[in-house]
Amino acid sequence: MLQFTTLLLSTAALLHPTFSLPTRSILSSRDVYTAPRLVNYVQTFHDVAGNPLSLMPLLDENTQITHVNMAALHINDDPNGMTLNDVNPNSTYWDPVWSNVTTLQAGGIKVLMMMGGAAAGSYPRLCGTAVPAIINEKYYGPLRDTIKFHKLDGMDLDIEESVDITCALALLQRLDADFGSDFILTMAPVASALMPGGPGLSGFDYTKLDAMATSPTRPNGKLVDWYNAQFYNGWGDASTQVNYDAIISTGGWSPERIVMGVLDDKNDGGSGFVPIKTLMSTIMQLRSNYPMFGCAVGWEYWDAGVNDGYTYPWQWVKEVATSVFGQNSELPVQNLTSSPVPNAPAPNPGLTQTLVDLGASWQWAVWALNVTDFNLLAAEQLLGLPL
């Protein structure tokens, strides 16, 4: 996920003055732990006009959202100096947001904390350099205490830096041991990392991790309840069902555990935004293909729907919900076409094509440019291509 650090908060504006419990019923445990799901990340805490962002419409307007992922938590050099974006999550600065969170949870919406993303350092600090990884208690203790203090429903591990597979496994096992099987554990790999041999940013194979990360007490026998896969920025394509179908058919994944992550607005990523009507068509096709399709996750909430003509972000979420939770009678005919997998729109298509012309595959070209900060020469060297 992208890092956005400009935050504007106002206690008076964030507390919704007319809150009342919506008419929909409280979500059942099945709704929050199994498909279908409608997830959204919140990292920017002001709206497009610069006003403080209230999360209350997600509940008040009956959007049917099931999960909200707060982003992004960073573990810094100071063990007690973790930050939610730029400010310690335990600072009074965040009191209005945590008040919103408590109300969302009372209304049946599960709230998780996303850790990591584009900013590096959190996972090496938590795991150290030993292999197999050993949890560094100096950094883990404050993290555990913060999760408990704010009564979060789960953690989303977005690992966008290279770590050993045992780091991810150790963290999943420790969180499960400390918080129990009802504590939601998710991860946010780029979509290509779920393909056999596909490139990713985490430094390990997610298929191997998933085979290792098991528990007989978890709802599906897995430590990771589901994956919020990133189908944008060149890593995947959500404009049709083909890319998702290929991941399921070649990767051997259960569709219930793969949630299709998309951009809520063009400005939320470098490429791969899908207009809402096209997105909803893809969701409905995937629902037809897989009765237990994991459904959709949006990055990120603050400007959702701007490119689709919506005034408020909750309107975009509510419209997407009609495709996630709509009647089965409205679904199209099943279409399990999974090849050829399209080249996903890349943030820099010109440089990407240059690497392809030199012999790289499209997805590995996307990877090389990403990890070299779009330095063409460094990407060529990394891929072993002629300069």
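Residues numbered from 1 in each chain as written. Predicted model: local features only at pLDDT ≥ 70, side-chain atom pairs only at ≥ 80, totals over all residues. Heavy atoms only, no water.

Averaged over all residues, the pLDDT of the protein equals 91, while 91% of them reach at least 70. Contacts for the low-pLDDT stretch residues 2-31, under 50 throughout, to residues beyond four places or in other chains number 78 contacts. (pLDDT = per-residue confidence, 0-100. Contact = heavy atoms within 4.5 Å.)

Okay, empty space enclosed by the protein next. A complete count under the given rule lists 1 cavity of 30 Å³ or more for this structure. Of the volumes computed, that of the largest cavity is approximately 40 Å³. Along the walls of the largest cavity sit Asp158, Ile159, Glu160, Ala188, Pro189, Val190, Ala193, Gly200, Leu201, Ser202, Tyr206 and Gln230, which together make up its complete lining. For the lining of the largest cavity, the per-class residue count stands at 7 nonpolar, 3 polar and 2 charged. (1 Å grid on protein atoms, 1.4 Å probe; cavity = no way out; pocket = protein on both sides within 12 Å on 5 of 7 lines; lining within 4 Å. Points joined across faces, edges and corners; volume = space filled by probe spheres on them. Nonpolar A, V, L, I, M, F, W, Y, C, P; charged D, E, K, R; others polar.)

Now for the packing of aromatic side chains. Going through the model one piece at a time under the given rule, you end up with 12 aromatic pairs. Ring centres 6.0 Å apart and planes at 85° place the aromatic pair Tyr206 and Tyr227 in the edge-to-face group. In this pair, Tyr206 sits in helix α8 (residues 206-212) while Tyr227 sits in strand β7 (residues 226-230), placing the two residues 21 residues apart along the sequence. Summarising the burial analysis for this pair, Tyr206 and Tyr227 share the class buried. Here the aromatic residues Phe204, Tyr206, Tyr227 and Trp253 are joined through ring pairs into a cluster of three or more. (Phe/Tyr/Trp six-rings, centres within 6.5 Å; stacked < 30°, edge-to-face > 60°. Helix = DSSP H or I, 4+ residues; strand = E, 2+ residues; numbered from the N terminus. Buried < 20%, exposed > 50% of the residue type's maximum accessible area, 1.4 Å probe, protein only.)

Here the focus is the UniProt feature "domain: GH18" (unreviewed entry) in the protein. In the numbering adopted here, UniProt assigns the feature "domain: GH18" (unreviewed entry) to residues 36-327. Within the segment residues 36-327, helix and strand shares are 32% and 16% respectively, and the terminal C-alpha atoms sit 13 Å apart. (UniProt positions renumbered as here; feature names shortened; annotations may be inferred.)

Let us now look at the nonpolar core. With 105 residues, the main nonpolar core has Met155, Leu157, Met187, Tyr206, Leu209 and Met260 as its most contacted residues. Top element by residues in this core is helix α7 (residues 165-179). It accounts for 8 residues. With sequence-adjacent residues up to four places away left out, Leu209 is seen in contact with Ile165, Ala168, Leu169, Leu172, Met187 and Phe204. Membership of the second largest hydrophobic core comes to 15 residues, among which are Leu112, Ala188, Trp226 and Tyr232. (Core = buried A, V, L, I, M, F, W, Y, C linked by side-chain atoms within 4.5 Å.)

Tallied over the full model, the rule gives 1 disulfide. One disulfide bridge connects Cys127 with Cys167, the sulfur atoms lying 2.0 Å from each other. Residues Cys127 and Cys167 share a disulfide whose torsion about the S-S bond is about 70°; that sign makes it right-handed. Here Cys127, found in helix α5 (residues 122-127), pairs with Cys167, found in helix α7; they are 40 residues apart in sequence, far enough to count as distant. Overall, the relative accessible area of 3% leaves Cys167 in the buried class. (Disulfide = S-S within 2.5 Å.)

Now for the packing of helix α12 (residues 349-357) against helix α13 (residues 362-371). Interaxial distance between α12 and α13 falls to 9 Å at its minimum, and their mutual angle equals 120°. By the criterion of interaxial angle, the relationship of α12 to α13 is oblique. When you trace α12 past α13, the crossing you get is right-handed. Along the contact surface, α12 presents Pro349, Leu351, Thr352, Gln353, Leu355 and Val356, while α13 presents Trp362, Ala365, Val366 and Leu369. Counted by class, the contact of α12 with α13 contains 8 nonpolar, 2 polar and no charged residues. (Axes fitted to C-alpha atoms, helices over the stretch in contact; angles between N-to-C directions. Parallel < 35°, antiparallel > 145°, perpendicular 65-115°, else oblique. Left-handed = near helix turned anticlockwise from the far one by under 90°.)

Turning our attention to helix α6 (residues 137-149). For α6, which comprises 13 residues, the first-to-last C-alpha distance of 18 Å matches the rise-based estimate of 18 Å (1.5 Å per residue) to within 8%. By the burial criterion, the buried members of α6 are Tyr139, Tyr140, Gly141, Pro142, Leu143, Thr146 and Ile147. The inward-facing, buried residues of α6 contact β2 (67-74), β4 (110-116), α5, β5 (154-158) and α7. Between the side-chain oxygen at the start of α6 and the backbone nitrogen of Lys138 there is a gap of 3.0 Å, and the oxygen is on Asn136. (Expected span 1.5 Å × (residues − 1). Polar contact = N/O pair within 3.5 Å; in protein donor to acceptor, adjacent residues only side chain to side chain.)

The amide bond that connects Ala71 to the next residue, Ala72, takes the cis arrangement and shows omega of -5°. Position of Ala72 among the secondary structure elements: in strand β2. Residues Trp299 and Glu300 are joined by a peptide bond in cis, for which omega reads -10°. Position of Glu300 relative to the elements: it lies in the loop between β9 (295-299) and α11 (313-324). At Gln64, a position not held by glycine, the phi torsion is positive, near 70°. The residue Gln64 is located in the loop between α3 (57-60) and β2 in this model. By relative accessible area, Gln64 is classed as partly exposed at 32%.

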